[in-house]
Each structure stands twice: as structure tokens, then as C-alpha cells.
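# An overview of the molecular structure
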Amino acid sequence: MKLPQFFGKKRGHRRTGSQAWGSFGEGFFYAVLLVSGFVFGGLVLSGTVAYSPTDPDTVVLQHGYDWWMWLLTLLLPGALVAFGGSGVARVIRVWGKSDEHRAASMGLPKLLDTMGQAAQDAPGHPGVPTCENLVNSPGTLLRYRLPLESPESWTLIGFGLFAMLWNAVVLVLAVSAGLDLLSGKTDWLLFMVLVPFAAVGVGGIVVFVWTFLLATAVGPTQFEISDHPLAPGGSYDVLLGQAGTGRFRTLEVFLEVEELATFRQGTDTRTERLVVWRERVKEWHDVELTPGGRFESRFMIDIPADAMHSFASAHNSVHWRIVLRGLSESRPAFTRIFPLVVFPPPAPLLRRPVHSAWQVSP
Amino acid sequence: MNDAAATTNGDSKGIVPALRAIAAGSPAVAKGTLSPRVVLQFDHASRIYQPHENLGVRYRIEGIDDEKVRAVERSAVWYTEGKGEEDLESHFFERLFGQDAVNAAVPNGSFAIVLPSSPLSYEGVIVKVRWCVRVRIFFEGGKDFVSEHVFEIGQIPPARNRREPLA
């Protein structure tokens, strides 16, 4: 006898489990959360689970909370009701509907999708991301200045946040230990904890400062472009400006297409990136940068006529980008990424196939 | 999609459409006595269309014998394939229910739509975009059968995985 499977997994191109049982399991889970929220909230409101600090052994009916105390008390049941209710509403909305029917019913299911983030489509171009954020900064010589999409910046912010939070904890422990010492007590356990914590804290600061120095050692990069969004078959004027000091063994500009896929693996959500097309647009050797000056070059980029346009859906996307890679003599290599948006070609550019009579699809 | 056995009544291009054409049936389907089949004709021999172009299809549903059809759904959708979770968007969707509407769409039917400007069909490495026409039949017993027929918008050549190291 085959037992019902409440959880599905992606196995290549197919999914395991039954959709009906999966929907039932999902609905049941959210319903439990919803009922728990109502029950817990009801108990709190009725005072059944109120707690009297003066008499901890007795459950009492207690009134007279301040508004913020009520807010805090009802936060958890409120979250349960909101999360469970939205989940139940989603399950009811899609119950018994085909995949196509669900896709045609816009709105709530997409809003409630916790994993995928549906990209905003460009007007008149479904599945193509908008480029509003790429055309709101005018260039100095060319029409638009491209924004930087640098993973290094996020790494730097991550290291900075870690160093700050960790050392805040260390500081609290150190103050506590210091007060103990002043009062003549010595808590050896606290000191034993404090030493490795302080070592990690110092290490966090060192890593952050080192990453910050690396990120700022190479001066700012600026790309300007003559038009945006781009179109297959089009040629565009590009200006590169690279500030900083020192000598670069190589500076290279690439035009790349990257595919990005988000998927669930167990309980994790993972994203895989893969560059599927790359063209070296320009290359310079032995570039010497002097303080106060900057390296500048103007060149053309060509988008192939049969290229795929930029594409973005909730879990999959195709990105175009300009990438600058530099190899310095004294510093590690650096990479800077500037996203582009390529629209589908205008209709006359598309090749028309030879048509004949009705084609049978068995 | 649906539980129960899979059949390959859909498009013949590739294994994925075959896996997608899932028959979940009425009692007759479950017993193996009923095997619906949708024969669908595109108005372009190549099944390659351009953005904003008209797409017309005619179809014939075979093998449902005396099973009562409760509703029919006809749609033109695009979906993603590959490493990521599947995304599916509907460009055209029509649900026909009620005896008159069903009689007009079963066993023979046709419809025509104007295609959108995007997304174009794309054969990437970890991301693929496919367009298809689907005809889904709902039987009185509560089960359904779907047939999928792939077509293309645009003629983007397949992407190749270029993993060579940077110079």
C-alpha cells in the first residue's frame, strides 16, 4: 500500500509526491498555526496565561497592561494568526485549480511565495526586467552612468556587521568582568569565556579592516553608456573611467551573459550562477594610475543579433553585464560588475520562418 | 501536476513534454480502459512564431469514449526548466464549463491568440524558457488529463556552457 506523501521534492524534471496530498498537508500545517494563534491569543486576552511577577506560582487574571505591553504580549499570537491565515487563504485559493489556472490567477499566490521574488516586468515586455534603476543616473560624457553591482561590497558589510555585533557582546562581558574585579570578586568562568571571545572579536576587526583596505585600495570604477535598455544587434558607446593609484598588469572588460537559478535543496534555498557567454571587449596591459588622475577609455560594445534578451522570473533569470577585471602588481585581482538590460529585438529584426499548412502535433 | 500514471500524449520534442503529459484519470483511465489523446495542429508547420504574431491551433480529443467531460481548459503558457524551481506564467487561459461550452470544445475545437513580445523561447544551460499550448480535460469523476504541445517564439540559438578560464 502506498502511503500519502505530504512533501514533494524536485527530481530532475519531475516532482515526487501527490499535489493533492501536498496541498492538504500544506493547508493542515497553516490551519494548525492559525488555530494555535487564536487559542494562544484568546488565552492571553482572557488572562488565563497572564503571569504575576509578585506571585509566580499562581496564574492570575491580570488587567491594567500598558498598550505597549499588550502589543508585546500579542505579538506572537498575532504573527501565528497572520502567517497561518495567509497560508490557509493561499491554499484555499489554489485548491483544485490546474497549474495554468493558478498562473492565470494573478496576485495573492505570487505575493505569498516565500522563496521566489517575482521580478517587476518592463512595460509591454513580460518576463523582461525593468531597467528603471539603471537609467536614473546621467553620465558626464555619455547618456547614462551604470550602477555598480559589487559582491565585494556585501562581503565588506557582512564582515563589518559581524565585527560590530561580536565586539558589542565582548564589551558587555568585559564590563561585567571589570565590575566584578572592582568589587573584589573574580569570576574565573567569565574570564575563560572572555579570552576566546575577545580573540575572535579582534580577528573580526582585522578581517574587516583588511577587506576594507582591499576594497578601497583600487579606486572607483565608472562606466557610462550611450543608451539603455540595449537591443540585440545594437552597438553602444561605452566610457570606462578607473581611478586609483599603482600599476595594473592587465585591465580587461568583458561582456557576459549569466544564468541564475534558485532552487530548494532540503530545507535550504540555493542559487546557482553560470556564465554562459563571455566576450572580451577590450584589454590593456601595464596601466599606470597616478594619484588624482584616472585611466579613461572609450570603446564600443556590440550585442549579437541573435542574443537572448534579459529575462527574470521568480526563480530563474538571465542577466547581461559588463565586467571589469584588473590584475595589479601589488594587490589581489579585483572584479567589478555593472548590470545591463537587453530587451527583445524589435519585430522586423526577427527572422521569419517559412510557413506552410497546419502542422500536426501528435 | 496530477497524481497517477504518466502518458506521452503531448509534444514529441524532447523528453520533458513527454513527462509533462500526465494522464490522471477517470475510473476508466485508472483502470487502463481509457487513454485520452489530444491531436493538435499548429497553423505554422515549423511551430516557430514571432512576437506579436497570430497563433492558431486546432485539436481533436480522442479516446475518451463515453466518459463525461465536466470542463476543458485551453491555455498558452511559458514555463522555465533547468536547475531552478519551475516558474509558469499564463499568456492565454480559458476555462470552458457547462454542457454547451464543453460540447463546443470536445471532441474538436480551435482557438487563436496573439502572441506577446516576450519572453522568447530559450535553450540555456541551467535556465530554459519554453512556450506551449495545453489542453486539459476534466472528467466527471474529478480527475483530469492534460496534453502539452510545445512551440517556439523567436529563434534564439542554444546557449553553450563556456567554462574556459579567463585569459
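### What to know about the overall build of chain B
For chain B, the helix and strand inventory stands at three helices and nine strands. Ordered by position in the sequence, the α and β elements of chain B form the string α-α-β-β-β-β-β-α-β-β-β-β. Counting the 167 residues in chain B, one finds 56% classified as buried. Sequence-distant contacts in chain B: of pairs separated by 6 or more residues, those separated by 24 or more amount to 64%. Of the accessible surface of chain B, which amounts to about 6,700 Å², a share of 50% is contributed by carbon and sulfur atoms.

### Examining the sheet that holds strand S10 (residues 294-302) of chain A
Residues and elements named next belong to chain A. With respect to topology, four strands assemble into an open sheet ordered S5-S6-S7-S10, the strand pairing being antiparallel. Every other strand in the sheet has two partners, leaving strand S5 (144-145) and S10 as the edge strands with one partner each. With nine bridges joining them, strand S7 (residues 235-244) and S10 adopt antiparallel strand pairing. Bridged to Gln242 within S10 is Phe295.

### Considering the environment of Gln50(B)
Note that Gln50(B) resides in the loop between strand S2 (48-49) and strand S3 (54-62). Measuring from C-alpha to C-alpha, the distance between Gln50(B) and Ser110(B) comes to 20 Å, with 60 residues separating the pair along the chain.

### Regarding the pattern of salt bridges
One pass over the structure, following the stated rule, counts 26 salt bridges over all chains. Residues Arg136(B) and Glu100(A) are paired through a salt bridge, measuring 2.9 Å at the closest nitrogen-oxygen approach. Taken as a pair, Arg136(B) in strand S8 (residues 127-139) and Glu100(A) in helix H4 (residues 99-104) lie in two separate chains rather than in one. A salt bridge links Arg298(A) to Asp237(A); its shortest N-O distance comes to 2.9 Å. Highlighted residues: Arg298(A) in strand S10 and Asp237(A) in strand S7, separated in sequence by 61 residues.

### Some thoughts on the confidence of the model for chain A
All names here are of chain A. Confidence along chain A averages 82 in pLDDT terms, with 80% of residues attaining 70 or more. Put simply, strand S14 (residues 359-361) is where chain A has its lowest mean pLDDT, 48, and strand S11 (residues 311-312) is where it has its highest, 96. Below a pLDDT of 50 lies the segment residues 353-362, which in the model reaches 41 contacts outside its immediate sequence neighbourhood of four places, other chains included.

### Looking at the packing of helix H6 (residues 151-182) of chain A against helix H7 (residues 188-217) of chain A
Residue and element names in this part refer to chain A. Packing of H6 against H7 brings their axes to within 8 Å, and their N-to-C directions diverge by 150°. By the angle between their axes, H6 is roughly antiparallel relative to H7. H7 is crossed by H6, and the crossing has left-handed handedness.

### Here we look at unusual backbone geometry
The peptide bond linking Val106(B) to Pro107(B) adopts the cis configuration, its omega dihedral lying at 5°. Locating Pro107(B) in the fold gives a position in the loop between helix H3 (99-105) and strand S6 (108-114). Residue Pro119(B) is reached from Ser118(B) by a cis peptide bond, and omega for that bond is -5°. Within the fold, Pro119(B) resides in the loop between S6 and strand S7 (122-123). In this structure, Asp286(A) takes a positive phi of about 50° despite not being glycine. Summarising the element assignment, Asp286(A) is placed in strand S9 (residues 268-289).

### Let's talk about H6(A)
Residue and element names in this part refer to chain A. Taking 1.5 Å of rise per residue, 32 residues should cover 46 Å, and H6 covers 46 Å from first to last C-alpha, within 8% of that figure. Of the positions making up H6, those classed as buried are Leu156, Gly160, Ala163, Val170, Leu173, Ala177 and Asp180. If you follow the buried residues of H6, they end up packed against H7. Just past H6, the residue Gly184 takes up positive phi, approximately 90°.

### Describing the nonpolar core
By size, the foremost hydrophobic cluster in this structure holds 72 residues, and its most contacted members are Phe223(A), Ile301(A) and Ile322(A). Ignoring sequence-local partners within four residues, the contact set of Ile322(A) consists of Leu146(A), Phe223(A), Val238(A), Val253(A), Phe254(A), Leu255(A), Ile301(A), Arg336(A), Ile337(A), Phe338(A) and Leu340(A).

### A look at the packing of aromatic side chains
Counted under the stated rule, the structure contains 18 aromatic pairs over all chains. Arranged with centres 6.4 Å apart and planes meeting at 20°, the rings of Phe24(A) and Phe28(A) form a pair that is stacked. On the criterion of helical spacing, the pair formed by Phe24(A) and Phe28(A) is a turn pair, its members being four residues apart in helix H1 (residues 19-46). A relative accessible area of 53% means that Phe28(A) is categorised as exposed. Between Tyr30(A) and Phe83(A), the aromatic rings sit 5.6 Å apart at their centres with planes inclined by 70°, giving edge-to-face as the arrangement. Of the two residues, Tyr30(A) sits in helix H1 while Phe83(A) sits in helix H3 (residues 75-94), which places them 53 residues apart along the sequence. Overall, Phe83(A) belongs to the partly exposed group, its relative accessible area being 42%. Of the aromatic side chains, those joined through ring pairs into one cluster are Phe42(B), Tyr49(B), Trp131(B) and Phe151(B). One Lys or Arg, Arg95(B), reaches over the ring of Phe138(B) and ends 4.9 Å from the middle of that ring.

Calculation criteria
- Counting from 1, residues in each chain are numbered in the order their sequence is written.
- Both sets of labels track the order of writing: A upward for chains, 1 upward for ligands.
- At least 70 in pLDDT is required for a residue's local features to be given in this predicted model, at least 80 for side-chain atom pairs to be given and counted, and no such filter applies to totals for whole chains, interfaces and linings, which use all residues.
- Neither water nor hydrogens contribute to the side-chain values; these are computed over all heavy atoms in the structure.
- Helix numbers and strand numbers start at the N terminus; a helix is a DSSP run of H or I with at least 4 residues, a strand a run of E with at least 2.
- Burial status follows relative accessibility: with a 1.4 Å probe on protein chains alone, a residue under 20% of its type maximum counts as buried, one over 50% as exposed, and anything between as partly exposed.
- Any two residues having at least one pair of non-hydrogen atoms within 4.5 Å are treated as being in contact.
- Note on areas: Shrake-Rupley with a 1.4 Å probe; residue coverage comes only from the protein chains shown.
- Between any two strands, pairing holds if DSSP finds at least two bridges.
- When a carboxyl oxygen of Asp or Glu is within 4 Å of a side-chain nitrogen of Lys or Arg, the pair counts as a salt bridge.
- How sure the predictor is of each residue is captured by pLDDT, a score from 0 to 100.
- Axis lines are fitted to C-alpha atoms, over the contacting stretch for helices. Their N-to-C directions set the angle, which ranges from 0 to 180 degrees.
- Just so you know how the angles are binned, under 35 degrees is roughly parallel, over 145 roughly antiparallel, 65 to 115 roughly perpendicular, and the rest oblique.
- Should the near helix be turned counterclockwise from the far one by less than a right angle, the crossing is left-handed, whereas a clockwise turn marks it as right-handed.
- The span you would expect from a helix comes to 1.5 Å times its residue count less one.
- What makes a nonpolar core is a set of buried Ala, Val, Leu, Ile, Met, Phe, Trp, Tyr and Cys residues whose side-chain atoms join them at distances within 4.5 Å.
- To pair, rings of Phe, Tyr and Trp, with the six-membered ring standing in for Trp, must have centres within 6.5 Å; the planes then decide the type, stacked if under 30 degrees apart, edge-to-face if over 60, and tilted in the middle.
- Counting as a charge over the ring demands two things of the Lys NZ or Arg CZ atom: a distance within 6 Å of the ring centre and an angle within 35 degrees of the ring normal.

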